[in-house]
Amino acid sequence: MVTPKQQRQFAWALVAFFFAGSVLSYVDRSVLGVVMPQVRKDLALSNTQYGLAVNCFLIGYMVFYVLGGRLTDLLGSRRTFTLNILFWSVAGIAHAAARGLASLCVVRALLGVGEGGFFPTAMRGFSEWFPRENRAKAVGVLMCGISLGMLVTPPVVAWITLRYGWRAAFLLTGSLGFLFVPPWLWIHRRIRQAYGVPDPA
């Protein structure tokens with residue numbers, strides 16, 4: 001039998017994963033801004049064309065804020081978090097294969113699709129596992145990840161780009177998401193067991 005203290009520990013472990021996901025999502029979306037001069041030069045993009053690629057991300061992100069929330073309502077936070085992070089990681093890596101405006105717009109839109117559903121998923125997870133008196137605190141921790149992601153991205157990505165090129169920056173940062181999935185699935189199963197909720201098939 002799991003004690004209330006253990007249940008709280010499991011719940012805050014879930015917050016730690018969502019916090020890390022928040023950091024990673026802002027790292028992956030911010031890489032393009034850091035390597036923008038190199039990307040524009042290599043792909044021969046004008047200011048207008050670069051702006052179009054940026055807007056493709058925003059459109060995908062906006063649409064999947066709503067659709068991603070609906071998906072989370074259908075599948076639950078465990079499955080949807082897994083789908084979100086795998087999808088946006090693949091999209092982030094795919095930036096390294098961009099060869100022009102069209103391909104860059106496609107991968108930016110796909111990145112927006114993957115990341116758009118993340119925050120609705122996190123909110124659903126908090127509502128499932130936290131009492132009302134602790135939810136705002138959990139959300140506050142999640143939002144701190146935004147600032148941290150924006151803080152660490154420029155120096156890390158600049159270092160990678162100077163040594164290995166801008167394509168490597170997308171490959172390396174995009175690959176980080178795959179490290180989250182196995183421990184996420186494990187801890188979420190433990191959390192559900194702690195609360196006495198059967199793990200879905």
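Above this text you will find the structure in question.
Values in this document were obtained by computation on a predicted structure and should not be read as measured data.

Thresholds, definitions, all that
- Residues numbered from 1 in each chain as written.
- Predicted model: local features only at pLDDT ≥ 70, side-chain atom pairs only at ≥ 80, totals over all residues.
- Heavy atoms only, no water.
- Phe/Tyr/Trp six-rings, centres within 6.5 Å; stacked < 30°, edge-to-face > 60°.
- Helix = DSSP H or I, 4+ residues; strand = E, 2+ residues; numbered from the N terminus.
- Buried < 20%, exposed > 50% of the residue type's maximum accessible area, 1.4 Å probe, protein only.
- Lys NZ or Arg CZ within 6 Å of the ring centre and 35° of its normal.
- Core = buried A, V, L, I, M, F, W, Y, C linked by side-chain atoms within 4.5 Å.
- Contact = heavy atoms within 4.5 Å.
- Polar contact = N/O pair within 3.5 Å; in protein donor to acceptor, adjacent residues only side chain to side chain.
- Salt bridge = Lys/Arg side-chain N within 4 Å of Asp/Glu carboxyl O.

Enquirer: Please provide a residue-by-residue account of the packing of aromatic side chains, values included.
Expert: Summed over the entire model, instances satisfying the criterion amount to 14 aromatic pairs. Between Phe 18 and Phe 126, the ring centres sit 5.5 Å apart and the planes meet at 80 degrees, which makes this aromatic pair edge-to-face. Taken together, the residues Phe 18 in helix H1 (residues 4-34) and Phe 126 in helix H6 (residues 118-129) connect sequence positions 108 residues apart. With a centroid separation of 6.5 Å and 70 degrees between ring planes, the pair formed by Tyr 26 and Phe 119 is classed as edge-to-face. Residue Tyr 26 is found in helix H1, and its partner Phe 119 is found in helix H6; the two are separated by 93 residues along the sequence. The class of Phe 119 is buried, set by a relative accessible area of 6%. Connected via pairs of aromatic rings, a cluster forms that spans Phe 17, Phe 18, Tyr 26, Phe 81, Trp 88, Phe 118, Phe 119, Phe 126 and Trp 184. The cationic tip of Arg 29 hangs over the ring face of Tyr 26; the distance from NZ or CZ to the ring centre is 3.8 Å.

Enquirer: Break down the nonpolar core for me, with residues and values.
Expert: Counting 28 residues, the largest nonpolar core has Phe 18 and Phe 126 as the members making the most contacts within it. Those elements that place two or more of their residues in this core are H1, helix H3 (47-75), helix H4 (77-94), H6, helix H7 (132-164) and helix H9 (181-194). Among the elements that take part in this core, H1 stands out by supplying eight residues, more than any other. Phe 126 has contacts with Leu 14, Val 15, Phe 18, Arg 135, Ala 138, Val 139 and Leu 142, leaving out every residue within four places of it along the chain. Val 39, Leu 43, Ala 96 and Leu 104 belong to the second largest nonpolar core, which has 20 residues in total.

Enquirer: So what's going on with the side chain of Ser 89? Residues and values would help.
Expert: Note that Ser 89 resides in helix H4. A distance of 3.5 Å separates a polar atom in the side chain of Ser 89 from the backbone oxygen of Gly 174. Ignoring anything within four residues of it in the chain, the contact list for Ser 89 reads Gly 174, Gly 177 and Phe 178.

Enquirer: If you had to explain unusual backbone geometry to someone new, which residues and values would you point to?
Expert: Even without glycine at this site, Ala 44 takes up a positive phi of about 55 degrees. Of note, Ala 44 is situated in the loop between helix H2 (36-43) and H3. Ala 44 sits in the exposed class, given a relative accessible area of 62%.

Enquirer: For the pattern of salt bridges, give the residues involved together with the corresponding values.
Expert: On inspection of all chains with the given rule, the structure shows two salt bridges. Put simply, Glu 115 and Arg 29 hold a salt bridge, and the shortest N to O gap is 2.9 Å. Placement of Glu 115 in helix H5 (residues 101-116) and of Arg 29 in helix H1 is noted, with a sequence separation of 86 residues between them. Summarising the burial analysis for this pair, Glu 115 and Arg 29 share the class buried. In this structure, Arg 124 and Asp 73 form a salt bridge, with 3.0 Å as the shortest nitrogen-oxygen distance. Placement of the pair is Arg 124 in helix H6 and Asp 73 in helix H3, with a sequence separation of 51 residues. On the accessibility criterion, Asp 73 (46% relative accessible area) is partly exposed.

Shape is all these values report; function is a separate question.
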